[in-house]
Amino acid sequence: MSRLTDSSELQEALSLFQDLFEEQRHAKGFAGPIGRNLEKGPVMGPDVAAAPAEVLTQAPLPTVPVIDETEGEFRGDRLENVLFAMCRRGGFTGAVVSDGAGLPLAVYNSPVDNDRIAAFTSVLGDAMAKAGLFLEQHGAEYISMDINYEDKVVVRRFVYAEMEMYLLVLCAQSMDERAEVEMSIEQIVSILG
Amino acid sequence: MGRILTVASQKGGVGKTTTALNLGYTLARLGHSVLLVDADPQGGIAIASNLKKKTDAGLVNLLRGDASAEEVVATTRDGSMSVVGSGVATPADTICIEDAARDGSLRLTIEGICGGYDYVFLDAPAGVGGIVTSLLGVSDGVILMLRCRTLVLKSLPIFLKLLREVRDQHNRDLQLEGALVTMWNGGNELERQTLKELEQSVPEALFFRTVIPEDDNFEHASIKAVPVILLPGGRETARPYLELAMEMKERELLRGIGGDADEQTDGLF
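Residues numbered from 1 in each chain as written. Chains lettered and ligands numbered in written order. Predicted model: local features only at pLDDT ≥ 70, side-chain atom pairs only at ≥ 80, totals over all residues.

**Overview of the overall build of chain A**
Scanning chain A for helices and strands turns up five helices and five strands. Counting from the amino terminus, helix and strand elements in chain A follow one another as α-α-α-β-β-α-β-β-β-α. Taking the intrachain contacts of chain A between residues at least 6 apart in sequence as the baseline, contacts between residues at least 24 apart amount to 44%. (Helix = DSSP H or I, 4+ residues; strand = E, 2+ residues; numbered from the N terminus. Contact = placed C-beta atoms within 7 Å.)

**Quick look at the overall build of chain B**
The number of helices and strands found in chain B is twelve helices and eight strands. Here chain B, with 269 residues, has 57% of them falling under the buried criterion. Of the contacts formed within chain B by residues at least 6 apart in sequence, a portion of 77% connects residues at least 24 apart. (Buried ≥ 20, exposed ≤ 12 C-beta atoms within 10 Å, placed from the backbone.)

**A closer look at the pairing of strand β7 (residues 175-184) of chain B**
Residue and element names in this part refer to chain B. When you tally the buried positions in β7, you get nine out of ten residues, the bulk of the element. Pairing analysis gives six bridges linking strand β6 (residues 141-146) to β7, with the strands arranged parallel. Opposite G141, over in β7, you have Q175 as the bridge partner. For β7 and strand β8 (residues 207-213), the ladder comprises three bridges, and the chain directions are parallel. Across the sheet, residue W184 finds its bridge partner in β8, namely P213. Once you follow β7 into helix α10 (residues 189-201) and on to β8, the crossover reads as right-handed. (Pairing = 2+ DSSP bridges. Right-handed = clockwise from strand over helix to strand, strands pointing away.)

**Some remarks on the sheet that holds strand β4 (residues 81-84) of chain B**
All names here are of chain B. Overall, mixed pairing links the eight strands, which are arranged β3-β4-β2-β5-β1-β6-β7-β8 in an open sheet. Lying at the two open borders of the sheet, with one neighbouring strand each, are β3 (73-75) and β8. Averaged over neighbouring strand pairs, the angle between their axes works out to 25° when direction is ignored. Relative to β4, β3 runs antiparallel, the two being bridged by three bridges. (Axes fitted to C-alpha atoms, helices over the stretch in contact; angles between N-to-C directions.)

**A short note on the packing of helix α7 (residues 130-138) of chain B against helix α9 (residues 156-169) of chain B**
All names here are of chain B. For the pair α7 and α9, interaxial distance at closest approach is 10 Å and the crossing angle is 50°. Here α9 runs oblique to α7, going by the angle between their axes. The way α7 lies across α9 gives a crossing that is right-handed. Contacts from T133, L136 and G137 in α7 reach L162, L163 and V166 in α9. Split by residue class, the contact of α7 with α9 holds four nonpolar, two polar and no charged. (Parallel < 35°, antiparallel > 145°, perpendicular 65-115°, else oblique. Left-handed = near helix turned anticlockwise from the far one by under 90°. Nonpolar A, V, L, I, M, F, W, Y, C, P; charged D, E, K, R; others polar.)

**Side note on the environment of G125(A)**
All names here are of chain A. Mapping G125 onto the fold places it in helix α4 (residues 114-135). The exposure class assigned to G125 is buried, which follows from the 22 C-beta atoms found within 10 Å. Between the alpha carbons of G125 and G100 there is a distance of 7.5 Å; along the sequence they are 25 residues apart. Ignoring anything within four residues of it in the chain, the contact list for G125 reads G100, G102, V155, R157, E164 and Y166.

**Let's talk about the confidence of the model for chain A**
Residue and element names in this part refer to chain A. Confidence in the prediction for chain A averages 72 pLDDT; 72% of positions are at 70 or higher. Per-residue pLDDT, averaged within each element of chain A, yields its smallest value for helix α2 (residues 53-58) (33) and its largest for strand β3 (residues 142-146) (90). The model gives residues 29-35 a pLDDT under 50, and that stretch makes 25 contacts with residues more than four places away or in other chains. Contacts of residues 39-67 to residues separated by more than four positions or lying in other chains number 46 contacts, the stretch itself having pLDDT below 50. (pLDDT = per-residue confidence, 0-100.)

**Comments concerning the sheet that holds strand β2 (residues 104-108) of chain A**
All names here are of chain A. Judged by pairing direction, the sheet is antiparallel, and its five strands sit side by side in the order β2-β1-β5-β4-β3 without closing on themselves. Every interior strand has two partners, whereas the edge strands, β2 and β3, have only one. The sheet shows a mean angle of 10° between the axes of neighbouring strands, taken without regard to direction. Relative to strand β4 (residues 151-160), β3 runs antiparallel, the two sharing five bridges. Its bridge partner being in β4, M145 is matched across the sheet by V153. Sitting on the sheet, helix α3 (residues 75-90) is in contact with β1 (94-99), β2 and β5 (163-172), with an inclination near 40° to β2.

**Points about the confidence of the model for chain B**
Residue and element names in this part refer to chain B. Summarising the model, chain B shows a mean pLDDT of 84, and 93% of its residues fall at 70 or more. Under a pLDDT of 50 for its full length, residues 258-269 has, in the predicted model, 20 contacts with residues more than four places off or in other chains. In the predicted complex, the global pTM is 0.63; the interface-specific ipTM is 0.72.

**A look at the nonpolar core**
Counting 92 residues, the largest nonpolar core has L36(B) and L122(B) as its most contacted members. No other element matches the seven residues that helix α12 (residues 235-255) of chain B contributes to this core. Apart from residues no more than four positions distant in its own chain, L122(B) is found in contact with I4(B), T6(B), V7(B), V37(B), A39(B), I110(B), L135(B) and S139(B). In terms of nonpolar packing, the next biggest core, distinct from the first, is built from 30 residues, A85(A), I117(A), M165(A) and L170(A) among them. (Core = buried A, V, L, I, M, F, W, Y, C linked by C-beta atoms within 7 Å.)

Printed below as a string of structure tokens:
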């Protein structure tokens with residue numbers, strides 16, 4: 001069955017799409033998708049072999065730009081790329097990497113200004129340090145706090161070059177953020193190093 | 001001024017208003033300042049957001065000069081998003097907007113209220129009439145709403161021709177932000193086949209990879225006149241809009257636009 005290719009209206013639409021796309025690509029560049037997400041339907045990768053040959057020859061599929069999180073001229077840019085990619089993968093709202101004093105090294109979509117996020121990270125970091133003092137347990141490195149009915153803040157403490165650092169993530173309460181957070185810490189440490 | 005995006009389609013009932021409201025609200029939750037403008041004389045956004053609780057005045061009152069911008073821009077209770085209704089109450093009001101589209105005052109009025117926002121979403125009426133043309137003329141981008149239904153797809157050429165015409169004659173900067181598949185029913189073999197053929201035939205970059213599934217929660221949200229995430233149990237239904245918002249941000253970053261909005265936002269708290 002080839003309903004699209006049998007329809008003159010759709011052929012015309014496809015041709016117009018191709019024209020618009022080519023114009024846009026030449027005018028400003030165009031960001032392409034990385035892969036369709038059909039959670040409630042089947043996952044459909046491009047089936048090039050099954051595509052009508054005459055349509056494929058009209059215009060090749062665009063080259064899809066890929067973000068390399070470790071690229072960037074400055075360390076801060078690279079860290080922000082890591083945060084951005086983490087948020088994109090995990091569906092998080094925002095993230096911050098800060099040093100032991102709470103000073104932000106990189107921020108992606110902080111819900112408040114940097115001073116306040118620094119102060120808040122510092123408070124949660126202190127709370128983790130107090131766990132060692134009061135509870136005599138020195139492995140505290142993770143705090144998750146519900147901040148309203150929908151969202152939570154997570155702070156993960158990690159050590160780089162004998163300095164305490166924090167990764168703060170803002171996300172929905174239903175999310176299991178741990179895997180993404182751990183993966184991103186590895187990337188952050190490699191960039192800092 | 002931030003980005004002005006028109007949510008449009010040549011067909012009605014494809015989820016334009018739902019998308020403008022839920023995508024706008026999602027971007028607001030992400031910390032952006034967002035304005036929704038109901039440019040549809042049928043008043044989709046105004047109804048979907050229960051704007052009447054705040055004000056009856058809207059775009060048409062601005063056009064007539066009998067209300068100021070401050071009087072028609074209503075901000076949501078949590079302060080995250082602002083909405084301008086159409087203000088249409090009579091057939092004469094609809095004609096007023098159409099006349100304003102023809103004489104250019106609609107465009108000027110919309111430009112006048114868009115300052116200070118990171119994103120402005122214009123909820124367009126269905127079709128390719130003067131109002132839509134005028135909205136496209138003032139927009140940076142258009143989100144084209146599609147259902148994987150034959151009649152929707154077969155009527156695409158006329159909208160794409162309008163898009164080309166507006167870009168050629170009125171607004172060289174207008175971008176097709178992407179085509180968004182909505183009301184997706186993955187269990188329907190015909191829809192799957194249609195989407196597959198589309199994907200194979202159209203440049204991949206033109207489609208958002210996110211699709212919006214059909215879900216009764218959207219109807220429930222419309223009844224309660226709220227974004228779907230505010231419904232009990234609505235978070236999963238709203239998740240595709242979070243993905244869409246992230247995808248938009250991703251595209252902006254890759255295109256080098258969107259600028260400093262991320263770093264200078266006032267958030268939810």
